[in-house]
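# Summary of the model geometry
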Amino acid sequence: MGESALLVFSFFMQASIGIMLFMTLGKILHADQEFKKAAYLAAGLSIIGVIASLAHLGKPLAALNSLLNVGSSWLSREVLFSGVFMGIAVLYALVQYLKVENQGIKAALRWAGSGVGLIAVFSMAKLYSTASVPVWQGANTFADFYGTTLAVGALLFLALSFKELQGKDKKIIGLIVLAAVVIQAAVAVPYGINLGLGGSAAHASAEILNGLSAAVSLKWLLVLGGAGILLWPTLQQEAKSATGMIYLAGIALVCGQFIGRYIFYAAMVVTNIGLI
């Protein structure tokens, strides 16, 4: 279950963190909205992510043991910050469900969740980029993880909150998504081309990617196409005329990013030891 559990953990957790980031941005721009559906989904995705993480570790107590090395291990930091983020996301969803009126508490939870979430994504990327897997090393992993966080988080937030944003300026969300996936592509394409110039493990990963060329092409078609489609509805003021386009863009982009995360793990070739 190893890589499958990691795929679910990283993808779902990053999507949840992205939703939290855009809820925070949404409240800055539109303080009169609550975005409850987005809060509930962020909490649910974070719970699924943590459960998948525990499944990968094998035993719940293994997660507690991993926290003993927070000062020296990126795995420990990933577990810690992901767990703290899940707690904040669940608490924020509970506050929304109970209709707590204290805006200070809500704001504190949103900002804390956003900050902890960004650190959690950094911890994930740092863990993979320092592992003995050439295809994961370098800036590409950071661009991939943060790109997924922003793009998928924004799409899910927008799909759940589009009616609340009716008549409001939404183009900043579309531009952020487009920028995120363009940066992803700008980093990933040259990195993939140069991968075969490395050692034997890097060359083996390049061969795997060549074998998955159809999946790689589909990923970028869906990701870039979804981001492009999203620009049109985010410029519209009426929800009825744009909701279908939002869902189409969301399906394309989320599927593309998920395929990309599958490729990320499928191309793994270890030079010496695995994750530490």
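Check the secondary structure of the chain and you find ten helices and zero strands. For the chain, the sequential pattern of α-helices and β-strands runs α-α-α-α-α-α-α-α-α-α. The buried share of the chain, reckoned over its 276 residues, is 46%. A sequence separation of at least 24 residues applies to 80% of the contacts in the chain between residues at least 6 apart. Just so you have it, the chain exposes about 12,100 Å², and 71% of that area is on carbon and sulfur atoms.

When pLDDT is averaged along the chain, the result is 86; 89% of the residues meet or exceed 70. For the chain, per-element mean pLDDT is lowest for helix 3 (residues 60–66), which scores 61, and highest for helix 5 (residues 103–129), which scores 95.

It is worth spelling out empty space enclosed by the protein at this point. In this structure the tally under the stated criterion is one cavity of 30 Å³ or more. Of the pockets and cavities examined, the largest cavity occupies roughly 60 Å³. Those elements that provide at least two residues to the lining of the largest cavity are helix 1 (2–29) and helix 7 (171–195). Ranked by residues supplied to the lining of the largest cavity, first place goes to helix 1 with four residues. Residues of the lining of the largest cavity, tallied by class, amount to seven nonpolar, two polar and two charged.

Throughout the structure, instances matching the rule amount to 14 aromatic pairs. Seen from their ring centres, F11 and F258 are 5.1 Å apart, and the 90 degrees between their planes marks the pair as edge-to-face. Separated by 247 residues along the polypeptide, F11 in helix 1 and F258 in helix 10 (residues 243–266) bring together distant segments of the chain. Look at F11 and you get buried, because its relative accessible area is 5%. Members of the aromatic cluster, each reached through a chain of ring pairs, are Y128, W136, F145, F264 and Y265. Seen from the ring of W74, R77 lies directly overhead, with NZ or CZ sitting 4.3 Å from the centre.

Turning to the pattern of salt bridges, a few remarks are in order. In total, this model carries four salt bridges according to the counting rule given. Between K219 and D144 there is a salt bridge, and its shortest N-O distance comes to 4.0 Å. In this pair, K219 is assigned in helix 9 (residues 213–234) and D144 in helix 6 (residues 139–161), connecting sequence segments 75 residues apart. The exposure classification of K219 matches that of D144, with both residues buried. Through salt bridges that share partners, K27, E34 and K106 make up one connected network.

Okay, the environment of V181 next. Mapped onto the fold, V181 is located in helix 7. Under the relative-accessibility criterion, V181 is labelled buried at 0%. Separated by 30 residues in sequence, V181 and A151 have C-alpha atoms that sit 7.0 Å apart. Those residues in contact with V181, other than ones at most four positions away along the chain, are A151, W220, V223, L224, A227, L253 and Q257.

Here the focus is the layout of surface pockets. Roughly 480 Å³ of volume is contained in the largest pocket. Every residue lining the largest pocket is counted, 23 residues in all, and those nearest its centre are A188, G192, L209, V216 and I263. Sorting the residues of the lining of the largest pocket by element identifies helix 6, helix 7, helix 8 (200–211), helix 9 and helix 10 as the ones contributing at least two each. Take the lining of the largest pocket: its biggest share by element is seven residues, from helix 7. When the residues that make up the lining of the largest pocket are grouped by side-chain class, the tally is 15 nonpolar, six polar and two charged.

The rules we used
Residues numbered from 1 in each chain as written. Predicted model: local features only at pLDDT ≥ 70, side-chain atom pairs only at ≥ 80, totals over all residues. Heavy atoms only, no water. Helix = DSSP H or I, 4+ residues; strand = E, 2+ residues; numbered from the N terminus. Buried < 20%, exposed > 50% of the residue type's maximum accessible area, 1.4 Å probe, protein only. Contact = heavy atoms within 4.5 Å. Areas by Shrake-Rupley, 256 points an atom, 1.4 Å probe, with all protein chains shown as cover. pLDDT = per-residue confidence, 0-100. 1 Å grid on protein atoms, 1.4 Å probe; cavity = no way out; pocket = protein on both sides within 12 Å on 5 of 7 lines; lining within 4 Å. Points joined across faces, edges and corners; volume = space filled by probe spheres on them. Nonpolar A, V, L, I, M, F, W, Y, C, P; charged D, E, K, R; others polar. Phe/Tyr/Trp six-rings, centres within 6.5 Å; stacked < 30°, edge-to-face > 60°. Lys NZ or Arg CZ within 6 Å of the ring centre and 35° of its normal. Salt bridge = Lys/Arg side-chain N within 4 Å of Asp/Glu carboxyl O.

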